[in-house]
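Below are the chains, spelled out letter by letter.
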Amino acid sequence: GLELSHCMGANSLGPAVPWRSGGPCKMKRVRTVFKPEQLERLEQEFLKQQYMVGTERVDLAATLHLTETQVKVWFQNRRIKWRKQSMEQKAAKLSQFGVIQPATADSTDIKDHEEDTVEVEL
């Protein structure tokens, strides 16, 4: 879920230690672990449409017992994965014909899509 873990020392009863050196103790977001059923449904929806917005996203989140933010970020990350796979397949086809792709194509294509920046809420 969206649980936060406090930056404690090795002993959970001990004093809080800085999460990063030089800064105050911060809360660290625990990574969401999706259930297989949730992933299957998310993938099904992604095959239908790569962008999920508005009431569709709210409804899907409620159906899967996730937050709207979790669904939004999952779709953002999935689009990045999809683009990367598409570019790798394209590069593989081109290499079969002896065409060489520029080395910077991967990073520039992904950076051009700011709407897909992954957001981490603290």
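It should be emphasised that the depicted structure is a prediction, and the values quoted were computed from it without experimental measurement. (Residues numbered from 1 in each chain as written. Predicted model: local features only at pLDDT ≥ 70, side-chain atom pairs only at ≥ 80, totals over all residues. Heavy atoms only, no water.)

Visitor: Any chance you could break down the packing of helix α2 (residues 54-64) against helix α3 (residues 68-96) for me, citing the residues and the numbers?
Guide: Packing of α2 against α3 brings their axes to within 8 Å, and their N-to-C directions diverge by 110°. Judged by the inter-axis angle, α2 sits roughly perpendicular to α3. Crossing hand, α2 versus α3: right-handed. Taking contact as the criterion, the partners of G54, R57, V58, L60 and A61 in α2 are, on α3, E68, V71, K72 and F75. Across the contact of α2 with α3, the residue classes break down as 5 nonpolar, 1 polar and 3 charged. (Axes fitted to C-alpha atoms, helices over the stretch in contact; angles between N-to-C directions. Helix = DSSP H or I, 4+ residues; strand = E, 2+ residues; numbered from the N terminus. Parallel < 35°, antiparallel > 145°, perpendicular 65-115°, else oblique. Left-handed = near helix turned anticlockwise from the far one by under 90°. Contact = heavy atoms within 4.5 Å. Nonpolar A, V, L, I, M, F, W, Y, C, P; charged D, E, K, R; others polar.)

Visitor: Kindly report on the side chain of R57, identifying the contributing residues and their values.
Guide: Its place among the elements puts R57 in helix α2. If sequence neighbours within four positions are ignored, R57 has contacts with M52, E68, V71 and K72.

Visitor: How would you summarise α2 if you had to cite specific residues and measurements?
Guide: Given 3.6 residues per helical turn, the α-helix brings residues three or four places apart onto the same face. Buried within α2 we find R57, L60, A61 and L64. End-on view of α2: buried residues confined to an arc of 100°, all on one side of the axis. What points out from α2, more than 90 degrees from its buried face, is the exposed set T55 and A62. Looking at the buried residues of α2, the elements they touch are α1 (36-48) and α3. (Buried < 20%, exposed > 50% of the residue type's maximum accessible area, 1.4 Å probe, protein only. Arc of directions from axis to C-beta.)

Visitor: Tell me about the packing of aromatic side chains, residues and numbers included.
Guide: Scanning the entire structure with this criterion turns up 4 aromatic pairs. Each ring, one from F46 and one from W74, has its centre 6.4 Å from the other, and the planes form 85°; the classification is edge-to-face. Of the two residues, F46 sits in helix α1 while W74 sits in helix α3, which places them 28 residues apart along the sequence. Like W74, F46 is buried. An aromatic cluster of three or more residues is present, and its members are F46, W74, F75 and W82. (Phe/Tyr/Trp six-rings, centres within 6.5 Å; stacked < 30°, edge-to-face > 60°.)

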